[in-house]
2 protein chains.
Amino acid sequence: MMQSIIATIDVVLLTIQDDRLCVVLSKRDKEPYANLDALPGGYIHAEEDRDSLDAAVRILQQKTSLIPPYLEQLRTFAGASRDPRGWSISVVYFALVNNDLIISSQQPGLTICPVDELRRLPFDHNEIIETAVDRIRNKSQYSSLPCYLAGETFTLPRLQKIYEACLGEGLNKVSFRRKMDELGVLEEIPGQTESGGAHRPAQVYGLKSEFKNQLKLLERGL
Amino acid sequence: MMQSIIATIDVVLLTIQDDRLCVVLSKRDKEPYANLDALPGGYIHAEEDRDSLDAAVRILQQKTSLIPPYLEQLRTFAGASRDPRGWSISVVYFALVNNDLIISSQQPGLTICPVDELRRLPFDHNEIIETAVDRIRNKSQYSSLPCYLAGETFTLPRLQKIYEACLGEGLNKVSFRRKMDELGVLEEIPGQTESGGAHRPAQVYGLKSEFKNQLKLLERGL
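Residues numbered from 1 in each chain as written. Chains lettered and ligands numbered in written order. Predicted model: local features only at pLDDT ≥ 70, side-chain atom pairs only at ≥ 80, totals over all residues. Heavy atoms only, no water.

A. The arrangement of the packing of aromatic side chains in detail. Within the structure shown, the criterion is met by eight aromatic pairs over all chains. Seen from their ring centres, Tyr 70 of chain B and Phe 94 of chain B are 6.2 Å apart, and the 55 degrees between their planes marks the pair as tilted. In this pair, Tyr 70 of chain B is assigned in strand β5 (residues 70-79) and Phe 94 of chain B in strand β6 (residues 88-96), connecting sequence segments 24 residues apart. Judged by its relative accessible area of 0%, Phe 94 of chain B is buried. Geometrically, the ring pair formed by Tyr 163 of chain B and Phe 176 of chain B is edge-to-face, given 5.3 Å between the ring centres and 65 degrees between the ring planes. Of this pair, Tyr 163 of chain B sits in helix α4 (residues 156-167) while Phe 176 of chain B sits in helix α5 (residues 173-183); the two residues are 13 residues apart in sequence, bridging distant segments of the chain. As far as burial versus exposure is concerned, Tyr 163 of chain B and Phe 176 of chain B are alike and both buried. The rings of Tyr 70, Phe 94 and Tyr 148 of chain A are connected pair by pair, giving a single aromatic cluster. Directly above the ring of Phe 77 of chain A sits Arg 75 of chain A, whose terminal nitrogen or CZ lies 4.3 Å from the centroid. (Phe/Tyr/Trp six-rings, centres within 6.5 Å; stacked < 30°, edge-to-face > 60°. Helix = DSSP H or I, 4+ residues; strand = E, 2+ residues; numbered from the N terminus. Buried < 20%, exposed > 50% of the residue type's maximum accessible area, 1.4 Å probe, protein only. Lys NZ or Arg CZ within 6 Å of the ring centre and 35° of its normal.)

This is the structure in structure tokens:
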């Protein structure tokens with residue numbers, strides 16, 4: 001008789017708060033590690049989940065009430081020592097969501113924590129988050145990925161701040177705008193501007209509908 | 001009582017034969033799909049495998065007698081309908097190996113098949129191989145990955161053919177050599193040349209020892 005293996009899903013849900021890349025943690029309601037903050041996760045339910053993506057969407061909705069605009073498989077973490085219950089597989093997804101949606105969800109038990117200020121988390125969740133941050137940092141170099149963090153509408157200065165938070169470094173304004181033109185995923189929202197304090201009003205943009213669920217890649221990185 | 005989930009590993013072992021990117025298939029010795037060619041794979045053994053990478057190395061060695069120089073997690077394929085035995089997770093790795101090693105392993109039951117000439121394979125193995133080919137095509141644009149297919153020593157014309165097989169397109173000789181210089185992973189094998197028919201003898205190269213187990217990335221793609 002083969003020893004049985006635990007099959008779970010974890011989701012790294014990333015957002016921007018105060019211009020910083022943050023991860024959403026959920027207070028665990030069961031042992032092991034009950035009452036500690038950890039990645040939202042749960043068992044795969046063979047009776048109801050059609051596949052692992054299905055399971056990720058279900059679990060994320062149960063734990064955070066959110067259906068994020070972007071969900072991608074990150075990697076699988078599997079081994080004998082990562083979970084005190086036994087040999088376990090966690091198929092990990094990462095998701096991006098605008099901070100306003102998290103706040104308006106009013107789901108109890110959620111914490112939003114900057115990725116560079118995390119304490120020691122249960123399981124291998126620190127390592128998982130590090131892997132997700134590497135992935136988003138890498139993909140932000142040459143894709144429209146950070147746009148999923150920006151909400152329905154945004155100005156270019158705001159989007160630049162989001163790219164900078166994802167990349168962990170500042171960007172030149174002129175070359176950032178050139179790259180956004182080249183990407184071609186944005187459209188002006190007619191007649192909408194936003195006053196930026198001392199600056200002249202900035203044009204408001206949104207994602208073109210065909211790119212709301214599809215990543216666009218740059219030929220050459222930022 | 002939760003329905004149990006099958007936990008397996010599959011390995012996409014890629015090689016170059018006759019200047020074409022090929023996948024190594026292994027004849028299945030058990031049901032389902034007994035006697036059909038499929039990706040080398042097997043159950044995770046919770047008692048002996050420390051983690052999924054451990055399991056991949058063990059299974060690959062059992063099925064092909066090979067320890068490949070490069071092994072990376074590709075993606076996990078998991079769902080209710082991919083395996084007739086029930087809800088299953090396959091953590092998939094991809095590996096690259098020089099063709100000479102496969103031939104000298106003399107493992108029975110192996111077939112080497114060009115990736116663009118595959119018949120319908122068991123499970124979702126066609127989809128898995130497609131995902132692996134996409135990954136290698138993408139990574140070959142900006143990394144030393146294809147060098148792992150070239151064996152211990154090789155000439156630059158040979159390495160260019162390998163890159164071309166991975167990319168699925170021809171490359172300009174001058175810019176290819178410039179990119180290889182920029183990568184900086186190769187070293188000349190002193191005093192070794194190879195006569196190339198009508199051409200003058202070509203210098204023989206190998207991977208610098210520090211890059212035998214570590215990928216090097218280009219700032220900008222090929």
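B. Examining the relation of the copies chain A and chain B more closely. Mapping chain A onto chain B is achieved by rotating through 180 degrees and translating by 0.0 Å along the same axis, at an RMSD of 0.0 Å. Read as a symmetry element, the transformation amounts to a two-fold axis. When the interface residues of chain A are mapped onto chain B, 100% of them are again interface residues, pointing to one common binding face. (Least-squares fit on C-alpha atoms with pLDDT ≥ 70 in both. Contact = heavy atoms within 4.5 Å.)

C. Spatial organisation of the interface of chain A and chain B. On the side of chain B, 23 residues touch chain A, which itself brings 23 residues to the contact. Of the roughly 2,100 Å² buried at the junction of chain A and chain B (both faces included), carbon and sulfur atoms supply 62%. The interface formed by chain A and chain B holds zero salt bridges in total. Connecting chain A to chain B are nine residue pairs in polar contact (both at pLDDT 80 or more). When contributions to the side of chain A that touches chain B are tallied by element, the ones reaching two or more residues are β5 (70-79) and β6 (88-96) of chain A. Per-element tally for the side of chain A that touches chain B: the top contributor is β5 of chain A, with five residues. Its residues placed into classes, the side of chain A that touches chain B shows eleven nonpolar, six polar and six charged. (Buried area = accessible area lost by both parts, 1.4 Å probe. Salt bridge = Lys/Arg side-chain N within 4 Å of Asp/Glu carboxyl O. Polar contact = N/O pair within 3.5 Å; in protein donor to acceptor, adjacent residues only side chain to side chain. Nonpolar A, V, L, I, M, F, W, Y, C, P; charged D, E, K, R; others polar.)

D. Structural view of the environment of Lys 216 of chain B. Residue and element names in this part refer to chain B. Note that Lys 216 resides in the segment after β10 (202-207). Residue classification places Lys 216 among the partly exposed residues on the basis of a relative accessible area of 28%. C-alpha of Lys 216 to C-alpha of Ile 136: the two residues are 80 residues apart in sequence and 14 Å apart in space. Apart from residues lying up to four places away in sequence, Lys 216 is in contact with Tyr 142, Ser 143, Ser 144, Glu 182, Leu 183, Val 185 and Phe 211. Of note is the side chain of Lys 216, whose polar atom sits 2.6 Å from the backbone oxygen of Leu 183.

E. Up close: the domain arrangement of chain A. Residues and elements named next belong to chain A. Domain boundaries in chain A define domain 1 (6-122) and domain 2 (140-211). Each of domain 1 and domain 2 has a C-alpha centre, and these two points are 27 Å apart. On the domain 2 side, the residues contacting the twelve residues of domain 1 number ten residues. In total, about 930 Å² of surface goes out of reach between domain 1 and domain 2, with carbon and sulfur atoms giving 71% of it. On the surface where domain 1 and domain 2 come into contact, there are one salt bridge. Here domain 1 and domain 2 share two residue pairs in polar contact (both at pLDDT 80 or more) between them. Contributing elements (two or more residues each) for the side of domain 1 that touches domain 2: β1 (6-17), β2 (20-27) and β6. Considering each element in turn, the side of domain 1 that touches domain 2 owes the most residues, three residues, to β1. Grouping the constituent residues of the side of domain 1 that touches domain 2 by class yields eight nonpolar, two polar and two charged. (Domains from an automatic or database assignment.)

F. Molecular detail of the packing of helix α3 (residues 125-140) of chain B against α4 of chain B. All names here are of chain B. One way to put it is that α3 packs onto α4 with a least axis distance of 8 Å and a crossing angle of 130 degrees. Put simply, α3 runs oblique to α4. Contacts between α3 and α4 pair Ile 136, Arg 137 and Ser 140 from the former with Tyr 163, Ala 165, Cys 166 and Leu 167 from the latter. Split by residue class, the contact of α3 with α4 holds five nonpolar, one polar and one charged. (Axes fitted to C-alpha atoms, helices over the stretch in contact; angles between N-to-C directions. Parallel < 35°, antiparallel > 145°, perpendicular 65-115°, else oblique.)

G. Highlighting the pairing of β6 of chain A. All names here are of chain A. For β6, the buried fraction is high: nine of the nine residues fall into the buried class. Here β1 pairs with β6 via nine bridges, running parallel. Its bridge partner lying in β6, Leu 14 is registered against Leu 96. One ladder, built from nine bridges, connects β5 with β6; its direction is antiparallel. Bridging across to β6, Ala 78 finds its partner in Ile 89. (Pairing = 2+ DSSP bridges.)

H. Spotlight on the packing of α4 of chain B against α5 of chain B. All names here are of chain B. It is at 11 Å that the axes of α4 and α5 come closest, and there the two elements cross at 95 degrees. Considering their axes alone, α4 and α5 lie roughly perpendicular with respect to each other. Here Leu 156, Pro 157, Leu 159, Gln 160 and Tyr 163 of α4 come into contact with α5, specifically with Lys 173, Phe 176, Arg 177, Met 180 and Leu 183. When its residues are assigned to classes, the contact of α4 with α5 shows seven nonpolar, one polar and two charged.

I. Representation of the sheet that holds strand β8 (residues 154-155) of chain B in the model. All names here are of chain B. If you trace the three strands from one edge of the open sheet to the other, you get β8-β10-β9, paired in antiparallel fashion. For this open sheet the edge positions go to β8 and β9 (186-194), each flanked by a neighbour on one side alone. Where β9 lies against β10, five bridges are found, and the strand directions are antiparallel. Across the sheet, the residue bridging to Leu 186 is Leu 207, located in β10.

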